[in-house]
Amino acid sequence: QQQVKQSPQSLIVQKGGISIINCAYENTAFDYFPWYQQFPGKGPALLIAIRPDVSEKKEGRFTISFNKSAKQFSLHIMDSQPGDSATYFCAASWSNYQLIWGAGTKLIIKP
Amino acid sequence: DAMVIQNPRYQVTQFGKPVTLSCSQTLNHNVMYWYQQKSSQAPKLLFHYYDKDFNNEADTPDNFQSRRPNTSFCFLDIRSPGLGDAAMYLCATSRDRGSYNEQFFGPGTRLTVL
């Protein structure tokens, strides 16, 4: 029940296309859903985050869509660029300190 | 710029030889975390400090210890590294615990065990 399931494991998208990564959870106590971006040899960095009282949050080309009833959330990257090539992790937490991480998606944007 | 700094970036040790990794932060955050990340996996939380209060994860091996002598510094000690401890070790900080507190990560220390 503490898991966050992330798919796909890897994704190849053409430059200019839309990249979509999906996550699902079971624990309805989760109240914070961040996405982290990690480049090779670097630590993860927060990309965008959402609370469950909001169905969508957009920051530039990055959008989180949140479906509370389905217990799913997804990251959409519009107009994907080669510089977006990285590993993306979804995560979830509740009042506890701990982040529950998805397994990660390795995204490759082809020029 | 405020940041999380980890030293060294690369560490090679021998099987069973103790090693210490260090982390410092200029963010003045209350919470400091140590994560272990193996290739193609998500970071795995080992423990965290909330101010001086140490919080160990239930499945963190006794081989891993930590010290936080002051707000800015935190150390990860691996008493007897095994081959399975080869990984990237990430330090992170947050202003407080709980939801909505962004965690800021350092660049990591890649540990090789020979």
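I will try to describe carefully the structure that is included in this document. (Residues numbered from 1 in each chain as written. Chains lettered and ligands numbered in written order. Predicted model: local features only at pLDDT ≥ 70, side-chain atom pairs only at ≥ 80, totals over all residues. Heavy atoms only, no water.)

Some words on the pairing of strand β4 (residues 31-37) of chain B
Residue and element names in this part refer to chain B.
Then, in step 1: The buried fraction of β4 amounts to 7 of the 7 residues, a majority that puts the element mostly inside the structure.
Then, in step 2: Of the two faces of β4, the one lined by Val31, Tyr33, Tyr35 and Gln37 and the one lined by Met32, Trp34 and Gln36 are each fully buried.
Then, in step 3: Bridging between β4 and strand β5 (residues 44-50) involves 6 bridges; their strand directions are antiparallel. Looking across to β5, one finds that tyrosine 33 is bridged to histidine 48. (Buried < 20%, exposed > 50% of the residue type's maximum accessible area, 1.4 Å probe, protein only. Helix = DSSP H or I, 4+ residues; strand = E, 2+ residues; numbered from the N terminus. Pairing = 2+ DSSP bridges.)

Focus: the nonpolar core
Then, in step 1: Membership of the largest hydrophobic core comes to 26 residues, with the highest contact counts inside it found for Val4, Phe30, Phe33, Trp35, Phe73, Leu75 and Tyr88 of chain A.
Then, in step 2: Elements with a contribution of two residues or more to this core: β2 (10-14), β3 (19-25), β4 (33-38), β5 (45-50), β7 (62-67), β8 (72-77), β9 (86-92) and β11 (105-110) of chain A.
Then, in step 3: Examining the composition of this core, we find that 4 residues originate from one element, β9 of chain A, more than from any other.
Then, in step 4: The contact partners of phenylalanine 73 of chain A, leaving out residues within four places of it in the chain, are Val4, Ile21, Asn22, Cys23, Tyr25, Phe33, Trp35, Ser65, Phe66, Cys90 and Ala91 of chain A.
Then, in step 5: Counting residues in hydrophobic clusters, the runner-up holds 18 residues, among them Val4, Leu46, Cys74 and Ala87 of chain B. (Core = buried A, V, L, I, M, F, W, Y, C linked by side-chain atoms within 4.5 Å. Contact = heavy atoms within 4.5 Å.)

Observations concerning the sheet that holds β8 of chain A
Residues and elements named next belong to chain A.
Then, in step 1: Taken in spatial order, the 5 strands line up as β1-β3-β8-β7-β6 in an open sheet, and their pairing is antiparallel. Of all strands in the sheet, those bounded by a partner on one side alone are β1 (4-7) and β6 (56-59). Averaged over all pairs of adjacent strands, the angle between strand axes in this sheet comes to 15°, irrespective of strand direction. (Axes fitted to C-alpha atoms, helices over the stretch in contact; angles between N-to-C directions.)

Focus: the side chain of glutamine 37 of chain B
Then, in step 1: With respect to the helices, strands and loops of the structure, glutamine 37 of chain B is situated in strand β4.
Then, in step 2: A polar side-chain atom of glutamine 37 of chain B sits 2.9 Å from the main-chain carbonyl oxygen of glutamine 41 of chain B.
Then, in step 3: In contact with glutamine 37 of chain B, not counting residues within four places along its chain, are Gln38 and Phe89 of chain A together with Ala42, Pro43, Ala87, Met88 and Leu90 of chain B. (Polar contact = N/O pair within 3.5 Å; in protein donor to acceptor, adjacent residues only side chain to side chain.)

Considering the interface of chain B and chain A
Then, in step 1: Taken together, the contact between chain B and chain A spans 21 residues of the former and 21 residues of the latter.
Then, in step 2: Note on chain B versus chain A: buried area summed over both sides is about 1700 Å², and carbon and sulfur give 55% of it.
Then, in step 3: Along the contact surface separating chain B from chain A lie 0 salt bridges.
Then, in step 4: For the side of chain B that touches chain A, the elements supplying multiple residues, two or more each, are β4 and β5 of chain B.
Then, in step 5: Residues belonging to the side of chain B that touches chain A are distributed by class as follows: 9 nonpolar, 8 polar and 4 charged. (Buried area = accessible area lost by both parts, 1.4 Å probe. Salt bridge = Lys/Arg side-chain N within 4 Å of Asp/Glu carboxyl O. Nonpolar A, V, L, I, M, F, W, Y, C, P; charged D, E, K, R; others polar.)

Some details on the environment of valine 113 of chain B
Residue and element names in this part refer to chain B.
Then, in step 1: Relative to the helices and strands, valine 113 resides in strand β11 (residues 109-113).
Then, in step 2: In the structure, valine 113 is positioned 69 residues away from lysine 44 in sequence and 19 Å away in space, judged by C-alpha atoms.
Then, in step 3: Those residues in contact with valine 113 that lie beyond four places of it in its chain are Thr13, Gln14, Phe15, Pro81, Gly82, Leu83, Asp85 and Ala86.

Quick look at the pattern of salt bridges
Residues and elements named next belong to chain B.
Then, in step 1: Enumeration over the complete set of coordinates arrives at 5 salt bridges over all chains.
Then, in step 2: In this structure, aspartate 59 engages lysine 44 in a salt bridge whose closest nitrogen and oxygen atoms are separated by 3.4 Å. Here aspartate 59 is found in the loop between β6 (53-56) and β7 (64-67), whereas its partner lysine 44 is found in strand β5, with 15 residues between them in sequence.
Then, in step 3: Here arginine 67 ties to aspartate 77 by a salt bridge, and the two come within 2.8 Å at their closest N and O atoms. Here aspartate 77 lies in strand β8 (residues 73-78) and arginine 67 lies in strand β7, a separation of 10 residues in the sequence.

Remarks on the packing of aromatic side chains
Then, in step 1: Under the criterion given, the structure shown has 22 aromatic pairs over all chains.
Then, in step 2: Here phenylalanine 30 of chain A and phenylalanine 33 of chain A contribute two aromatic rings whose centre-to-centre distance is 6.3 Å and whose plane-to-plane angle is 85°, an arrangement assigned as edge-to-face. Across the pair, exposure class does not vary: phenylalanine 30 of chain A and phenylalanine 33 of chain A are buried alike.
Then, in step 3: Ring geometry for tyrosine 36 of chain A against tryptophan 101 of chain A: centres 5.2 Å apart, planes inclined by 45°, an arrangement best described as tilted. With tyrosine 36 of chain A in strand β4 and tryptophan 101 of chain A in strand β10 (residues 100-101), the pair connects residues that are 65 residues apart, well separated along the chain.
Then, in step 4: For tyrosine 36 of chain A, a relative accessible area of 1% corresponds to the buried category.
Then, in step 5: Taken together, the ring pairs in this structure connect Tyr25, Phe30, Phe33, Trp35, Phe66, Phe73 and Trp94 of chain A into an aromatic cluster.
Then, in step 6: Over the face of the ring belonging to tyrosine 100 of chain B we find arginine 51 of chain A, whose NZ or CZ atom lies 3.8 Å from the ring centre. (Phe/Tyr/Trp six-rings, centres within 6.5 Å; stacked < 30°, edge-to-face > 60°. Lys NZ or Arg CZ within 6 Å of the ring centre and 35° of its normal.)

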